[in-house]
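# Close look at the chain arrangement
Listed below are the residues making up each chain.
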Amino acid sequence: MPLITLPDGSSRIFEQPVSVAQVAANIGPGLARAALAGQVGDMLVDLSHVLDQDTALTLITDKDEAALPLIRHDAAHIMAQAVQELFPGTQVTIGPAIEDGFYYDFARDKAFTPDDLALIEARMNEIVDRDLPIQREIWDVAQAKQTFAGLGEHFKVELIDQIPPDEPVSVYRQGNWFDLCRGPHLPNTGRLPKAFKLLKLAGSYWRGDAGRPMLQRIYGTAWRNKKELKAYLHRLQEAEKRDHRKLGKTLDLFHTQEQAPGMVFWHDKGWQLYLIVQDYIRRTLREQGYQEVHTPQLLDRSLWEQSGHWEKFGDMIFTTHSEHRDYAIKPMNCPAHIQIFKQGLKSHHQLPLRLAEFGSCHRNEPSGTLHGLMRVRNFVQDDAHIFCTEQQILPEVLAFIDLLFSVYHDFGFDDVLIRLSTRPNQRVGDDALWDKAEQALQQALEQRQLDWELQPGEGAFYGPKIEFSLRDCLQRVWQLGTIQLDFAMPARLGASYIAADNTKQVPVMLHRAILGSLERFIGILLEHYAGALPTWLAPVQVAVIAIADRHHTYTQHLTDELRKHDFRATADLRNEKVGFKIREHTLARVPYLLVVGDHEVNERCIAVRRREGTDLGSLSLNALLTHLQADVADLARQSD
RNA sequence: GCCACUGUAGCUCAGUCGGUAGAGCAACUGAUUCGUAAUCAGUAGGUCAGCGGUUCAAUUCCGCUCAGUGGCUCCA
């Protein structure tokens, strides 16, 4: 006699076990028609799921956000059915719902073509029209293996082998097609809203393992209705406009070319931005008690062998040689910073010692991983290494976290993803040290009450790390900041200090960066603002526009005055109409446009317009300077 | 690195079922001196990514290389 409690607090009692569908029908015919699935606790279940105990139940309809994963997972199944109907011999593997859509990985000798996507999509629509009932069946393991093996579905057999013995082997059948799947699913294929679209083809390794076969992945998106689909596709289009590679070109910031893959040619405006960002960090680090140092670009290979990098990353280190010696073009700064630390005897009074460097590093990243400014082969990090005692770890990590958030806030980023990565399989240092290191980082996160995600096994080979990531315009996640604990490297490279008890001790080293690579950070920055940077960051802050030749002197005078006050201003004296100039500077995302005509010259004033089109009226030079100073001082906190 | 796709003027793109290419914007020249998102006219601009093959003929078909794009793997 199950007692079913509904979200509104009401409850119904049933004589015998009932299915979710029966509960819906019991409430009303409208709900029975609309119901797609049920939710028991956190678990989504099929409409056919039988409830035999007292429980709370939520019925899911297409009004609920919770219906989305269900819809997407069904879209994946229906796509798989369509593919197998159209391309016999194709093996199915896995096909989950993901953020905004779904994918399915197939094994097939021939490659799918972009044209195939349209065919598959058409067949999916047909399968929806067939309105096939979707039924869950529980199979015996041996029977399941035999059936899938008989169909030549070797990947599925491998999946069955990995289902824990206490879990049922469930199969979902729609028409004469079926797939091994945990579920849940919609009751009929006809319930899948025709608001899906196949988007792209991609390769993917079976089980995410580069040593195993490459499968063909088809990505799609699916929504509750056509309106949502349209909105999503529009969102993708808009995201494309924010792409930093596109902005880099249209705003004349940087370019890349074949002869230097993964390396950036910074143009004047882009380099201005780069330097502004760098100056800001340089100033901030000084204030926080860091010393700035600068170390060689080339270091003998023995140093990298000693540090362990040569063994682990040898094939990604660019090298050069001279007079029978091999040099690494440095892929990172830390061994060099240890050399500075090692100069002269260090006392515990000098700790924590914080060495910062904007060191240009080269890493021979695999060609397929390069991506605009986000993943490059030559980059500069706002890198620093803190040498300290074990007791100083926690306060240093806390101070770093606080600094990082204050910096991100100044740049306008408040939505930060935090991940704690712990010991990997391939590592140096004993487990007692790893325990200590991981606990220290976790404790810092907890003290600051931050939300974080654990990534077991993802730490660096010398220590655990916290990663701070942001998303780009297409929601791809990129790591920017990091703090990594390292008990190994200082010892390997022979760093030590004299402790209070007059013994020689090995310092702990913290590797840390706030922005990470300046290149990547600028990429994220551009996408975040769609190129319309806050005034303090804009390469050109003010464009002074002359209406006619007779206004040139005053225009030039204003521009000079602005420059004298450290604003980045440019005079536009071209023989063009105002409208044309306004349009150009607006498209160039210049925050302030000043228009100079007869009125301004006569009254010694300036007509001020913001790039968004707002008119700030007629200001005196002093009033303008005050306004600009306030805007710049505000950083990204609330301007725009 | 792996899978797929793409590479035409400075930019955005069209085009050739094989007969050496075209638009808009930008550039240049001239006219215009203009009040808040495109003034008008004219001119010039391309070994169709590179190399090789097939062919009477290749930018177009095929192969290789390079680079880019989307994923996957990797990321000290």
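Each value, and the rule that gives it
Residues numbered from 1 in each chain as written. Chains lettered and ligands numbered in written order. Predicted model: local features only at pLDDT ≥ 70, side-chain atom pairs only at ≥ 80, totals over all residues. Heavy atoms only, no water. Core = buried A, V, L, I, M, F, W, Y, C linked by side-chain atoms within 4.5 Å. Buried < 20%, exposed > 50% of the residue type's maximum accessible area, 1.4 Å probe, protein only. Helix = DSSP H or I, 4+ residues; strand = E, 2+ residues; numbered from the N terminus. Contact = heavy atoms within 4.5 Å. Pairing = 2+ DSSP bridges. Near = heavy atom within 4 Å. Polar contact = N/O pair within 3.5 Å; in protein donor to acceptor, adjacent residues only side chain to side chain. Nonpolar A, V, L, I, M, F, W, Y, C, P; charged D, E, K, R; others polar. Phe/Tyr/Trp six-rings, centres within 6.5 Å; stacked < 30°, edge-to-face > 60°. Lys NZ or Arg CZ within 6 Å of the ring centre and 35° of its normal. Axes fitted to C-alpha atoms, helices over the stretch in contact; angles between N-to-C directions. Parallel < 35°, antiparallel > 145°, perpendicular 65-115°, else oblique. Left-handed = near helix turned anticlockwise from the far one by under 90°. pLDDT = per-residue confidence, 0-100. Patch = residues over 30% accessible without salt bridge, like charges linked within 9 Å, V, L, I, M, F, W, Y side chains within 5 Å. Areas by Shrake-Rupley, 256 points an atom, 1.4 Å probe, with all protein chains shown as cover. Salt bridge = Lys/Arg side-chain N within 4 Å of Asp/Glu carboxyl O. Expected span 1.5 Å × (residues − 1). Arc of directions from axis to C-beta.

### Some thoughts on the nonpolar core
Core analysis: the biggest nonpolar cluster contains 69 residues, and Phe-411, Phe-468 and Leu-525 have the highest contact counts within it. Here the element with the most residues in this core is helix α13 (residues 393–411); it accounts for 11 residues. Setting aside chain neighbours within four positions, we find Leu-525 in contact with Leu-273, Val-277, Phe-411, Phe-413, Leu-533 and Leu-537. Counting 35 residues, the second-largest nonpolar core is a separate cluster that includes Ala-67, Ile-71, Val-83 and Leu-186.

### Considerations on the sheet that holds strand β2 (residues 11–13)
Taken in spatial order, the three strands line up as β2-β1-β7 in an open sheet, and their pairing is mixed. Both edges of this open sheet fall to β2 and β7 (55–56), since each of them pairs with a single strand only. In the sheet, strand β1 (residues 3–5) pairs with β2 via three bridges, with the strands oriented antiparallel. When the sheet's bridge partners are listed, Thr-5 is paired in β2 with Ser-11.

### Thoughts on the protein's contact with RNA strand B
As a matter of local geometry, RNA strand B sits amid 58 residues, with Tyr-205, Met-332, Ser-367, Asn-575 and Arg-583 nearest to it. Of what RNA strand B places within 4 Å of the protein, 50% of the atoms are sugar or phosphate. Separating a base oxygen of RNA strand B from a side-chain N or O atom of Arg-375 is a distance of 2.7 Å. Contact between RNA strand B and Gln-484: a sugar or linking oxygen at 3.5 Å from a side-chain N or O atom of the residue. Secondary-structure elements contributing two or more residues to the surface near RNA strand B are β15 (196–205), β16 (214–222), α8 (244–250), α11 (309–313), α18 (578–587), α19 (598–603) and β36 (606–610). Element by element, the count of residues in the surface near RNA strand B is highest for α18, at seven residues. Tallied by class, the residues present in the surface near RNA strand B amount to 24 nonpolar, 16 polar and 18 charged.

### Some words on the packing of aromatic side chains
According to the stated counting rule, one finds 22 aromatic pairs in the structure shown. For the ring pair Phe-155 and Trp-206, a centre distance of 4.8 Å and an interplane angle of 75° mean the geometry is edge-to-face. Taken together, the positions of Phe-155 in helix α6 (residues 154–161) and Trp-206 in the loop between β15 and β16 put the pair 51 residues apart, joining distant regions of the chain. Taking the centre distance of 5.8 Å and the plane angle of 80° together, the rings of Phe-413 and Phe-521 count as edge-to-face. With Phe-413 in the loop between α13 and β26 (417–421) and Phe-521 in helix α16 (residues 518–528), the pair connects residues that are 108 residues apart, well separated along the chain. Given the relative accessible area of 0%, Phe-521 is considered buried. Taken together, the ring pairs in this structure connect Tyr-280, Phe-411, Phe-413, Phe-521 and Trp-536 into an aromatic cluster. Above the plane of the ring of Tyr-592 lies Arg-610, whose end atom (NZ or CZ) is 4.7 Å from the centre.

### Considering the sheet that holds strand β8 (residues 58–60)
Two modes of strand pairing occur in sheets, parallel and antiparallel, and in both the strands are linked by backbone hydrogen bonds. Within the open sheet, the three strands sit side by side as β5-β4-β8. Their pairing is antiparallel. Strand pairing shows two members of the sheet lacking a second neighbour, β5 (43–45) and β8, which therefore form its edges. Averaged over all neighbouring strand pairs, the angle between strand axes comes to 30°, with direction disregarded. Note: strand β4 (residues 37–40) against β5, three bridges, orientation antiparallel. Its bridge partner lying in β5, Val-40 is registered against Met-43. Sheet strands touched by helix α1 (residues 20–27): β4, β5 and β8. Its angle to β8, the strand with the most contacts, is close to 95°.

### Some words on the packing of α13 against helix α14 (residues 431–447)
Between α13 and α14, whose axes approach to 9 Å, the crossing angle comes to 50°. With respect to each other, α13 and α14 are oriented oblique. Crossing hand, α13 versus α14: right-handed. In this structure, α13 uses Ile-393, Leu-394, Val-397, Leu-398 and Ile-401 to contact α14, whose residues at the interface are Ala-440, Leu-441, Gln-443, Ala-444, Leu-445 and Gln-447. Residue classes in the contact of α13 with α14 are distributed as nine nonpolar, two polar and no charged.

### A short note on the confidence of the model for chain A
Close reading of the predicted structure is inappropriate where its pLDDT is low. Mean pLDDT over chain A stands at 95; residues scoring 70 or higher make up 100%. Complex prediction metrics read pTM 0.95 and ipTM 0.96.

### Digging into unusual backbone geometry
Along the chain, Gly-183 connects to Pro-184 via a cis peptide bond; the corresponding omega equals -5°. You can see Pro-184 is positioned in the loop between β14 (177–180) and β15. In this structure, the amide linkage connecting Leu-351 to the following residue, Pro-352, adopts the cis form with an omega of -5°. Its location among the elements puts Pro-352 in the loop between α12 (334–342) and β23 (353–357).

### Topic: a nonpolar patch on the surface
Together, Met-1, Leu-3 and Ile-13 make up an exposed nonpolar region whose accessible area comes to about 310 Å². Mapped onto the elements of the fold, Leu-3 is located in strand β1.

### Some words on the pattern of salt bridges
Applying the stated criterion across every chain, the model contains 41 salt bridges. Taking the shortest distance from any N to any O, the salt bridge between Asp-100 and Arg-235 comes out at 3.8 Å. Of this pair, Asp-100 sits in the loop between β10 (97–98) and β11 (101–107) while Arg-235 sits in helix α7 (residues 226–242), and the two are 135 residues apart along the sequence. Between Arg-301 and Glu-305 there is a salt bridge, with the nearest N and O atoms lying 2.8 Å from each other. Here Glu-305 and Arg-301 lie together in helix α10 (residues 301–307), a separation of four residues that amounts to about one turn. We classify Arg-301 as partly exposed; its relative accessible area is 28%. One continuous salt-bridge network, built from bridges that share partners, spans Arg-423, Arg-427, Asp-431, Asp-435 and Glu-438.

### Here's the deal with the environment of Ser-618
You can see Ser-618 is positioned in strand β37 (residues 615–619). With a relative accessible area of 45%, Ser-618 lands in the partly exposed category. Ignoring sequence-local partners within four residues, the contact set of Ser-618 consists of His-599, Cys-605, Ile-606 and Ala-607.

### Some remarks on the side chain of Thr-90
With respect to the helices, strands and loops of the structure, Thr-90 is situated in the loop between α3 (67–86) and β9 (91–92). Residue class for Thr-90 comes out buried when judged on its relative accessible area of 4%. At a separation of 2.7 Å, a polar atom in the side chain of Thr-90 contacts the main-chain carbonyl oxygen of Phe-87.

### A few points about helix α17 (residues 552–564)
One turn of the α-helix equals 3.6 residues, which is why residues spaced by three or four share an orientation. Across its 13 residues, α17 extends 18 Å between first and last C-alpha, which sits within 8% of the 18 Å expected from 1.5 Å per residue. Of all the positions in α17, only Tyr-554, Thr-555, Leu-558, Thr-559, Glu-561 and Leu-562 are classed as buried. The buried side chains of α17 occupy one side of the element, clustering within an arc of 160° when seen end-on. Opposite its buried face, α17 presents the exposed residues Thr-553 and Lys-564, each directed more than 90 degrees away. Trailing α17 by a residue or two, Asp-566 shows a phi angle of about 70°, which is positive.

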